[in-house]
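One letter stands for each residue in the lines below.
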Amino acid sequence: MKSNDPPYASLTAHMKEVGLLGGAAVVLGWDQEVLMPPKGVAYRAEQLAQLARMTHEMSTDPRVGDWLSACEDQGFDDPLSEEAVNVRELRRDYDRSTKLPAELVAEQARTASMSKAAWAEARQASDFERFRPWLEKTIDLQRRIADAYGYPSDGEPWDALAEGYEPGCTAAQVEAVFTPLRERLARLTAELMDVGVAPEPVLDRLTLPVEQQEKFVRFVAGELGFDFDAGRLDRSTHPFCGGAHQTDVRMTTRFHDDLLGDALGSTMHETGHAIYAQNTPDRGVGLPMSEPVSLSIHESQSRLWENQVGRSEAFWRWCFPKLAGFFGDAVAGLDQAAVYRGMNRVQPSLIRVEADEATYNLHIMIRFELERRLIRGELTPAGLPAAWNDLYQQTLGLDVPDDARGCLQDIHWSMGAFGYFPTYTLGNLYAAQFFEQASADLPGLEAQFAQGDFKPLRTWLTEKIHTHAMRYRSAELCEHVTGKPLSADPLMRHLESKLKPIYGV
Ligand code: ZN
């Protein structure tokens, strides 16, 4: 089959129309988080529901099924060609979305928009009861959606939801990866806490004007390779990266006058997502071969820039001398080695997005366990705060003082994103494995960081990962890039080889 064959040409022209509308929804969603006045929420919900209804109707148009069948009947010489991959992935999407009634799609979109607003208010007031009715409605909808998708008899409803973020991912597989990892991470954390000497978080002990912090993180994002002519960096409560197209990528970060380390980490994280989004080739709007492969691979890109780069000693050899230019006398007494060590402080904490590299995955494991029980119906939304607080006590040894710092801290469930959280930990594992491979392929990588030269790493990531778009599934891509299946060993090697010397254990 060739790209100018009539069924394929009709299919791609149609998917472009779907992609253009989907991109408009992304920009409206960004606007809701960044700019929209609060009273606009109900109207915005109507707009997003309308767009969701239109894109769903177009994606499930029976002609799409006919064009796909005609392409499949003609066959492909190379199953990994651009055309073959587009047809394979569009078939998967089509089969999935034709299982969902249009009413359910529109109801989910409308509910998500209202529920997000209710969550933001509840979190502000630290009042779970304000959010509870929306969480109940959301979970009810998610269970109906899972039933509509269906799942194998040896699986569970959570699997059907996770499939939307991470094709082929099941709760049983996640549990199999998480159980031994939890043990190794808990052992490392305990060793650092019990025997080691913790570094001070020196960057987060300073009071620095937010305007200067913003100038500084914009500078770093640009040096890493974020193209400001093809994207924006703004502020929002919960940092994120989205975008309509390679040429219009929207990322956000957040600032507090005494948390420069947090602002820098968040910005480098979102910059990693944005570099992936800007460097995935445009092979046609709305086509899988123009899109990132999965959330876990997306997260591997953000984590790699945030952690493997941003918390490395070499990065700070370049970055530290820049601080004085942005903050002047306020950073005069700082020591480079102390800043590097401080960026690698490990401290069991309540808030996932502020967590260090060692304990971060424990936060994810708690959420995975709870959302699996919520979707199974073993845990009611009313019981969530108590169950959450219990697990934080058991896993991290912490008392949760209020719901804002407990089960209301993350936006994901309010949007109906169940099955999403484990992709963060899978992303951490992929990041470590990819970075080990990049270091082997590119001798002198760290010396380049120390010179502020991030282009060789960025080019390697584009050639090995970004350019493939959806050609390979996550697990296949990992084997293709590193020659090995995903393993927890690179992440544990990365953490132990860096943290143990810092803690003197
Ligand atoms: Zn991320």
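Residues numbered from 1 in each chain as written. Predicted model: local features only at pLDDT ≥ 70, side-chain atom pairs only at ≥ 80, totals over all residues. Heavy atoms only, no water.

> Just checking my understanding: could you explain the domain arrangement of the chain for this structure?
Assigned domains of the chain: these are domain 1 (6–150) and domain 2 (171–503). Between domain 1 and domain 2, the C-alpha centre-to-centre distance is 26 Å. Contacts between domain 1 and domain 2 engage 37 residues on the former and 43 residues on the latter. Regarding the contact of domain 1 and domain 2, the summed buried area is about 3,500 Å², with carbon and sulfur atoms giving 68% of it. Connecting domain 1 to domain 2 are 1 salt bridge. (Domains from an automatic or database assignment. Contact = heavy atoms within 4.5 Å. Buried area = accessible area lost by both parts, 1.4 Å probe. Salt bridge = Lys/Arg side-chain N within 4 Å of Asp/Glu carboxyl O.)

> Quick question: what am I supposed to make of empty space enclosed by the protein here?
Empty pockets left among the atoms are what a rolling probe the size of a water molecule brings to light. Within this structure, the stated rule accounts for 3 cavities of 30 Å³ or more. Of the pockets and cavities examined, the largest cavity occupies roughly 70 Å³. Arg303, Asn307, Gln308, Asp356, Glu357, Tyr360, Asn428, Ala431, Leu491 and Leu495 together form the lining of the largest cavity. The element that contributes the greatest number of residues to the lining of the largest cavity is helix α11 (residues 295–309), accounting for 3 residues. Of the residues assigned to the lining of the largest cavity, the class counts are 4 nonpolar, 3 polar and 3 charged. (1 Å grid on protein atoms, 1.4 Å probe; cavity = no way out; pocket = protein on both sides within 12 Å on 5 of 7 lines; lining within 4 Å. Points joined across faces, edges and corners; volume = space filled by probe spheres on them. Helix = DSSP H or I, 4+ residues; strand = E, 2+ residues; numbered from the N terminus. Nonpolar A, V, L, I, M, F, W, Y, C, P; charged D, E, K, R; others polar.)

> Would you explain the pattern of salt bridges in this entry?
When charged atoms on two side chains of opposite charge get close, those side chains can pair. Scanning the model with the defined rule gives 35 salt bridges in all. The closest approach of N and O atoms between Glu214 and Arg235, which form a salt bridge, is 2.6 Å. One end of the pair, Glu214, is in helix α9 (residues 210–224); the other, Arg235, is in strand β1 (residues 231–235), and 21 residues separate them in sequence. Judged by its relative accessible area of 38%, Arg235 falls in the partly exposed class. Residues joined by salt bridges that share partners form a network here, namely Glu156, Glu175, Arg372, Arg376 and Glu378. (Buried < 20%, exposed > 50% of the residue type's maximum accessible area, 1.4 Å probe, protein only.)

> Sorry if this is basic, but what is going on with the nonpolar core here?
Residues Phe315, Trp316, Leu323 and Leu457 are the most contacted members of the largest nonpolar core, which totals 123 residues. Residue contributions to this core peak at 10 residues, all from helix α14 (residues 357–376). In this structure, this core is formed jointly by two domains, domain 1 (6–150) and domain 2 (171–503), each of which donates at least three residues. Those residues within four positions of Leu457 in sequence are excluded, and the remaining contacts are Leu304, Trp305, Val309, Phe435, Ala438, Leu442, Leu445 and Phe449. In this structure, Leu11, Met15, Met58 and Val64 belong to the second largest nonpolar core, which totals 14 residues. (Core = buried A, V, L, I, M, F, W, Y, C linked by side-chain atoms within 4.5 Å.)

> Help me out: how do you make sense of the side chain of Ser236 in this one?
Position of Ser236 among the secondary structure elements: in the loop between β1 and β2 (241–245). Ser236 sits in the buried class, given a relative accessible area of 9%. Within polar-contact distance, the side chain of Ser236 engages the side chain of Thr252 at 2.8 Å. Excluding anything up to four places from it in sequence, Ser236 contacts Glu33, Val34, Thr252, Thr253 and Arg254. (Polar contact = N/O pair within 3.5 Å; in protein donor to acceptor, adjacent residues only side chain to side chain.)

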